[in-house]
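# Understanding the architecture of this molecule
The lines below spell out each chain.
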Amino acid sequence: MTISDLETPALLIDLDVMEGNLKKLADYSQKHRLRVRPHTKTHKIPALARKQLDLGAAGLTVAKVGEAEVMLAAQPPDVLVAYPIVGRRKLERLMQVAAKTSITVSLDSVVVAQQLSEAATASGIEIGVLAEVDVGLGRVGVPPGETLLRLIQDIQRLPGLRLDGIAFYPGQIKSLDEEGEQALKSLAQMLERILDDLRKTGIEARIVSGGSTPTLFHSHRLPGLNEIRPGTYIFNDRNTVLSGACTFEECAASVMVTVVSTAKPGQMIVDGGSKTFSSDGAAAGAPVSFGRVLQAPDAVFTKMNEEHGFIDLRRAGQKFNVGDRVRIIPNHVCVAMNLHECVYGIRGDTVEQTWRVEGRGKLQ
Ligand SMILES: Cc1ncc(COP(=O)(O)O)c(C=O)c1O
């Protein structure tokens with residue numbers, strides 16, 4: 001089968017590029033002795049998680065219990081649920097997963113730790129815990145200092161839980177321009193202070209888990225960091241390019257769409273809109289566009305309805321006809337993946353693989 005046999009819209013994964021991205025991380029993490037638990041929220045496909053494990057990943061990361069259930073198919077030795085899991089039913093399901101593989105949860109409150117401890121004790125399974133610390137994103141995580149130390153001591157007192165270390169997510173560093181460089185340096189200093197505090201209090205953080213794609217290949221510059229959880233790196237996307245962390249040639253995922261209307265001069269409408277690409281905009285300060293048209297890089301993907309993509313061709317220097325197909329690199333590939341039932345692994349024009357996106361829609 002070739003890509004011309006596929007119906008559109010179709011999300012294509014260029015296998016050569018994806019394999020290059022996987023290898024680049026495997027080489028980097030090996031060189032710097034960093035443990036990797038890739039975040040599977042990007043691809044949501046157990047077969048790809050298996051590839052990551054085969055390339056040296058120590059385990060997998062998920063955000064949802066439903067994702068952990070799906071990822072059991074990859075037979076991971078270990079799964080990190082990098083999200084506070086709240087509620088009895090979810091915790092019961094998590095314990096069923098924990099009966100099949102080792103589970104660690106990152107959390108930032110005694111309430112969540114207490115619930116987890118009760119579920120763990122009831123099922124007789126020990127659960128690893130990473131205390132989440134906020135390093136500037138202001139999302140989850142307690143502030144460094146006294147509050148973090150108290151959270152850790154509370155976790156250590158709870159039965160059924162094993163304190164493994166700390167976790168943080170530096171999602172506020174979107175690029176390594178001058179400002180980003182400064183933020184990375186401040187993060188390194190903050191981390192040194194945190195680990196110093198822990199040492200002085202006699203707390204052993206066996207795992208210091210961080211890492212996101214924009215700062216991925218600078219992880220070795222963070223003293224004490226020994227685990228990374230990158231997600232987007234496997235495919236990359238337009239926002240990763242805009243962050244300066246990769247080139248368009250390193251973007252493995254594109255959505256193939258068909259031109260369905262050219263009725264308005266200077267514009268084409270393609271058969272993919274917000275239900276195909278997601279409405280994620282470009283990174284702050286970047287030109288407004290919902291993706292990059294590979295065949296016409298100067299075209300601007302200005303607007304989306306659910307099923308219509310509006311592409312402004314006035315500066316593209318190219319014309320397209322109804323029935324033409326173009327490929328578009330999405331702004332945010334993780335959310336785009338969540339919208340597709342199947343995706344296609346291609347090499348050149350040949351479709352080598354069809355994968356069901358088994359983790360899509362696993363919101364619970
Ligand atoms: C807690 C956590 N860890 C890791 C990641 C992976 O980040 P990235 O996709 O930038 O590699 C995310 C992404 O949202 C996250 O929320």
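Residues numbered from 1 in each chain as written. Predicted model: local features only at pLDDT ≥ 70, side-chain atom pairs only at ≥ 80, totals over all residues. Heavy atoms only, no water.

## A look at the domain arrangement of the protein
Partitioning the protein into domains gives domain 1 (3-9 + 240-356) and domain 2 (16-234). Put simply, the middle of domain 1 and the middle of domain 2, counted by C-alpha atoms, are 32 Å apart. Both faces considered, domain 1 and domain 2 share a buried interface measuring about 1,400 Å² in area, 59% of it formed by carbon and sulfur atoms. Ranking the residues of domain 1 by area buried against domain 2 places Cys334, Arg347 and Trp355 at the top, with a combined share of 35%. There are 3 salt bridges connecting domain 1 and domain 2. Connecting domain 1 to domain 2 are 5 residue pairs in polar contact (both at pLDDT 80 or more). Elements that contribute at least two residues to the side of domain 1 that touches domain 2 include exactly α10 (333-338), β16 (342-347) and β17 (350-356). Among the elements that take part in the side of domain 1 that touches domain 2, α10 stands out by supplying 4 residues, more than any other. (Domains from an automatic or database assignment. Buried area = accessible area lost by both parts, 1.4 Å probe. Salt bridge = Lys/Arg side-chain N within 4 Å of Asp/Glu carboxyl O. Polar contact = N/O pair within 3.5 Å; in protein donor to acceptor, adjacent residues only side chain to side chain. Helix = DSSP H or I, 4+ residues; strand = E, 2+ residues; numbered from the N terminus.)

## Focus on the pattern of salt bridges
For the structure shown, the criterion picks out 21 salt bridges. A salt bridge links Glu92 to Arg89, with the shortest nitrogen-to-oxygen separation between them at 3.3 Å. With Glu92 and Arg89 both in helix α4 (residues 88-98) and 3 residues apart, the pair spans about one turn of that helix. Since its relative accessible area comes to 33%, Glu92 is described here as partly exposed. Salt bridges sharing common partners tie together Asp16, Glu19, Arg347 and Glu352. (Buried < 20%, exposed > 50% of the residue type's maximum accessible area, 1.4 Å probe, protein only.)

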